[in-house]
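# Coordinates in review
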Amino acid sequence: MYLYVLISVFLCQTHQSSYCLLPQLTGMVGLSKIPFVTLLLIFLGSQVNSDAYDHRYSIGDVIPIYVSKVGSYSNRWERDNYYDFPFCSPDSIHEKDNIGKMLTGESLVSTAFMIGFRVDKEHELLCKKRLNKLDVSLFRTMIKKGYEMLLYYDDLPIWGLIGSDPSSMVDVTNDMETDVDFTDSIYWGETKGKFDERLNDYSPSSILPLHINAHVHSIANSCFTIFIVIICLVIVIYTRFLHKDISRYTCDVEEAEVTNNQEQKGWKNIHGDVFRFPEHKSLFSAALGSGTQLLALIVIILILGVMGVFQPFVQVVFLKALVVIYAVTSVVSRYTSASFYHQLKGTTWIKNVLLTGGLYFVPVFLTFSVNTTFAVYNGQTNTFPLNSIITFFIVWIFLAIPLLILGGIMGKNGASDFQAPCRTAKSPKKALKLVWYKGIIPQMVLAGFLPFSVIKIQIYDNLSTVWGHGIYTFYNSMAIMFVLLLIMTSLVSVMLTSFQLAVEDHEWWWRSFFNGGSTGLYVYGYGIYYYFYNYFLSDINRDMNSFVPSFCFFGYMTCLGYGMFLALGTVGFCASLLFVCHIYTSIKCD
């Protein structure tokens with residue numbers, strides 16, 4: 001069945017449903033040795049009931065409508081409670097049990113709308129109200145700012161734009177008392193779609209039809225760019241810098257003759273220092289561990305998105321998955337960090353554990369807490385409640401920390417020694433002073449440009465979804481772009497590392513990480529551009545210019561850019577490590 005709802009005060013559009021979380025979570029987590037993780041997944045899955053059996057009704061069955069929040073269309077941070085306004089209210093207001101409240105900060109409360117299943121009605125009176133001057137002013141403000149409300153009927157969200165129904169109008173232009181009749185009209189129509197397919201009718205509301213050509217062109221352009229970069233990598237790097245040197249060092253000439261007659265120059269001259277461990281080994285290992293965790297998180301989320309687990313308009317399931325996956329992948333973070341730290345001959349294990357566990361989580365948690373504090377202090381209600389923050393912290397303590405310790409034990413006990421192709425010299429060779437354009441900052445500017453060009457459209461669409469009213473459904477395109485992003489980041493990092501070694505600069509460990517992660521800085525810079533272009537210079541979304549939305553926007557954009565910096569920095573370093581090991585394995589060195 002498909003429901004068309006018309007409420008006299010506003011015009012509504014029906015959209016989507018909820019669905020079971022358990023299959024997606026059991027598919028994303030393969031840690032059967034940890035029973036409490038399994039119990040947690042079963043618990044979360046049991047909170048979302050969406051099979052057809054639980055949604056069967058007889059004609060005339062009354063299904064209540066619940067309401068979430070009321071707020072400005074142009075400012076998603078301006079949200080108020082439904083009953084802060086003079087709407088009709090039932091005899092008793094109760095709150096619906098909803099685990100999504102913990103994640104979104106939005107509770108569902110009952111309303112005066114009572115709709116019978118397959119029962120039509122037209123302009124049925126809900127209540128009569130006499131609006132005083134303050135009530136009239138509130139309605140006028142809501143209409144002027146384009147306020148909307150979010151209702152739920154049988155887990156189907158209903159968006160209503162206040163003051164948009166021309167068939168029922170009340171004069172609120174003057175601050176004077178007036179009598180208002182609140183009515184609702186319901187019309188039912190039969191469809192042939194299955195219960196699991198009732199979201200398909202709302203796909204045209206997504207941003208996919210508007211940007212499908214842009215996504216296709218972006219993929220094609222990225223593939224062509226990668227092809228050009230590969231050609232440059234092969235021709236410029238291998239043919240010019242490596243092939244001649246490798247051939248000379250692997251020929252059948254006497255080594256003494258090579259030493260006497262050939263002068264070592266370039267990358268081969270630093271074989272005794274190129275595998276010297278970097279400074280701040282604990283921090284470096286923690287950064288690699290955090291980056292690996294974020295990469296695993298992104299990969300699992302994309303797989304679930306491609307499988308169709310995340311439907312439009314349903315934020316709760318996505319947030320559930322995000323929280324659980326991030327906590328579970330803590331074992332990946334600590335395992336990577338501990339194993340690499342062991343290879344680097346690290347000794348300060350407690351410091352490494354603290355850095356690995358808090359390198360990304362602590363900044364995000366602090367940003368989240370500060371943003372929420374500022375929002376509450378300034379009277380914003382569209383925030384995560386305090387119990388939600390405490391719940392997140394408890395989940396991190398009792399789920400993420402045990403997995404963090406488990407991963408550390410596995411990584412330390414299972415790690416082998418670092419196998420360097422060349423022996424490291426006892427006395428470190430002093431790195432040469434480079435010209436300014438070969439420094440780390442110019443290289444980061446160059447390194448982040450091409451990878452960011454691959455995902456620019458994806459970043460725009462996701463920002464429009466999170467901070468605007470766009471609906472993103474094209475996970476296939478996002479998955480393809482992510483793969484292209486990894487390839488481009490790897491190629492650019494390898495190319496810049498080869499240039500660095502060619503000028504006999506052996507301090508490539510941190511440099512390759514920064515080069516790979518520089519795309520995160522581009523993402524943050526694009527967020528600044530997006531904000532000023534869409535909000536600061538726009539008359540439509542002018543309300544986003546207030547302090548709280550701006551503060552929250554830049555705070556969360558910092559977390560996004562920082563997360564991409566860690567993830568792509570890990571990709572850049574791993575690609576460079578494979579490249580360096582390969583070229584130094586190809587020569588004879590002591």
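What you see as residue numbers is a count from 1 along each chain, following the sequence as written. Per-residue local features of the predicted model are confined to residues with pLDDT of at least 70, and side-chain atom pairs are confined, for both listing and counting, to 80 or more; whole-chain, interface and lining totals are unaffected and use all residues. The side-chain numbers reported here are obtained from all heavy atoms of the structure, hydrogens and water having been left aside.

## Focus on the overall build of the protein
- What counts as a helix is a DSSP run of H or I of at least four residues, what counts as a strand is a run of E of at least two, and both are numbered from the N terminus. Helix and strand counts for the protein stand at 16 helices and ten strands.
- Classification of residues uses two cut-offs on accessible area relative to the type maximum, computed with a 1.4 Å probe and protein chains only: under 20% is buried, over 50% is exposed, and between them is partly exposed. Split into buried and exposed, the 590 residues of the protein put 49% on the buried side.
- The contact criterion used throughout is that any non-hydrogen atoms of two residues lie within 4.5 Å. Considering only residue pairs separated by 6 or more positions, the protein has 83% of its internal contacts joining residues 24 or more positions apart.
- The Shrake-Rupley method, run with a 1.4 Å probe sphere, supplies the accessible areas, and residue values consider only the shown protein chains as cover. In the structure as shown, the protein presents an accessible area of about 29200 Å², 62% of it carried by carbon and sulfur atoms.

## Observations regarding the nonpolar core
- For this analysis, a nonpolar core means a set of buried residues of the types Ala, Val, Leu, Ile, Met, Phe, Trp, Tyr and Cys, connected via side-chain atoms within 4.5 Å. Counting residues in hydrophobic clusters, the biggest one holds 59 residues, and the most contacted among them are F284, L501, F573 and Y584.
- Of all the secondary-structure elements, those providing two or more residues to this core are helix 7 (281–306), helix 8 (315–328), helix 9 (330–343), helix 12 (386–414), helix 14 (475–502), helix 15 (509–536) and helix 16 (547–585).
- Here this core takes 13 residues from helix 16, the largest share from any one element.

## Notes on unusual backbone geometry
- Even without being glycine, R118 reaches a positive phi, approximately 60°.
- Secondary-structure assignment places R118 in the loop between strand 6 (108–116) and strand 7 (121–131).
- The backbone of H280 shows a phi angle near 55°, a positive value even though the residue is not glycine.
- By the element assignment, H280 lies in the loop between helix 6 (255–261) and helix 7.

## Quick look at the environment of T183
- Examined against the element boundaries, T183 turns out to sit in strand 10 (residues 178–189).
- Overall, T183 belongs to the buried group, its relative accessible area being 11%.
- When the C-alpha atoms of T183 and E122 are compared, they prove to be 8.3 Å apart, with 61 residues separating the residues in sequence.

## Some remarks on the state of the cysteines
- Any two cysteine sulfur atoms within 2.5 Å of one another count as a disulfide. Under the definition given, this model contains one disulfide.
- Linked covalently through their sulfurs, C88 and C127 form a disulfide whose S-S length is 1.7 Å. The chirality of the disulfide connecting C88 with C127 is left-handed, given an S-S dihedral of about -75°. Taken together, the residues span a long stretch of sequence, with C88 in the loop between strand 4 (79–81) and strand 5 (95–96) and C127 in strand 7 at a distance of 39 residues. Across the pair, C127 and C88 agree in class, each one buried.

## Details of the confidence of the model for the protein
- Each residue carries a pLDDT score, the predictor's confidence in it, ranging from 0 to 100. Overall, the predicted model of the protein reaches an average pLDDT of 75, with 72% of residues at or above 70.
- Mean pLDDT values for the elements of the protein range from 30 in strand 1 (residues 2–7) up to 92 in helix 7.
- Across residues 1–53, where pLDDT falls below 50, the model places 155 contacts with residues more than four positions away in sequence or in other chains.
- Segment residues 252–263: pLDDT under 50, and five contacts once partners within four positions in sequence are set aside and those in other chains are kept.

## A look at the packing of helix 9 against helix 10 (residues 349–358)
- Every angle, taken between N-to-C directions, lies between 0 and 180 degrees, and every axis is a line fitted to C-alpha atoms, over only the stretch in contact when it is a helix. For the pair helix 9 and helix 10, interaxial distance at closest approach is 10 Å and the crossing angle is 145°. By crossing handedness, the relation of helix 9 to helix 10 is classed as right-handed. Residues S333, R334, S337, A338, Y341 and H342 of helix 9 form the contact with helix 10, whose own contacting residues are W349, N352, V353 and T356.
- Charged means Asp, Glu, Lys or Arg here, nonpolar means Ala, Val, Leu, Ile, Met, Phe, Trp, Tyr, Cys or Pro, and polar covers whatever is left, Gly included. Split by residue class, the contact of helix 9 with helix 10 holds four nonpolar, five polar and one charged. Should the near helix be turned counterclockwise from the far one by less than a right angle, the crossing is left-handed, whereas a clockwise turn marks it as right-handed.

## Some remarks on the side chain of S110
- Looking at the element boundaries, S110 is found in strand 6.
- Judged by its relative accessible area of 4%, S110 falls in the buried class.

## Brief notes about the pairing of strand 3 (residues 62–72)
- The buried count for strand 3 comes to nine of eleven residues, which makes it a mostly enclosed element.
- Relative to strand 6, strand 3 runs antiparallel, the two sharing five bridges. When the sheet's bridge partners are listed, P64 is paired in strand 6 with M114.
- Pairing between strands requires that DSSP locate at least two bridges from one strand to the other. Looking at chain direction, strand 3 and strand 8 (residues 147–153) are connected through six bridges and run antiparallel. Considered in strand 8, the bridge of S72 is made with Y147.
- Sheet analysis places strand 3 next to strand 4, joined by three bridges and oriented antiparallel. For V70, the partnering residue across the bridge sits in strand 4 and is D80.

## Focus on the packing of aromatic side chains
- Pairing of aromatic rings covers Phe, Tyr and Trp, the last counted by its six-membered ring, and requires centre-to-centre distances within 6.5 Å; plane angles under 30 degrees mean stacked, over 60 mean edge-to-face, and any other angle means tilted. On inspection of all chains with the given rule, the structure shows 41 aromatic pairs.
- Consider the rings of F284 and W510, whose centres lie 4.8 Å apart with planes at 75°: the pair is edge-to-face. Remark: W510 occurs in helix 15 and F284 occurs in helix 7; sequence separation between them is 226 residues.
- Overall, F284 belongs to the buried group, its relative accessible area being 0%.
- Seen in terms of ring centroids, F452 and Y526 are 5.7 Å apart; in terms of plane orientation they differ by 55°. Their pairing is tilted. Pair noted here: F452 is in helix 13 (residues 440–467) and Y526 is in helix 15, with a separation of 74 residues, a long-range link.
- On the accessibility criterion, Y526 (8% relative accessible area) is buried.
- The ring of W349 carries K412 above its face, with NZ or CZ at 4.7 Å from the centroid. Charges are assigned to positions over rings by a cutoff of 6 Å between ring centre and Lys NZ or Arg CZ, combined with an angular limit of 35 degrees from the ring normal.

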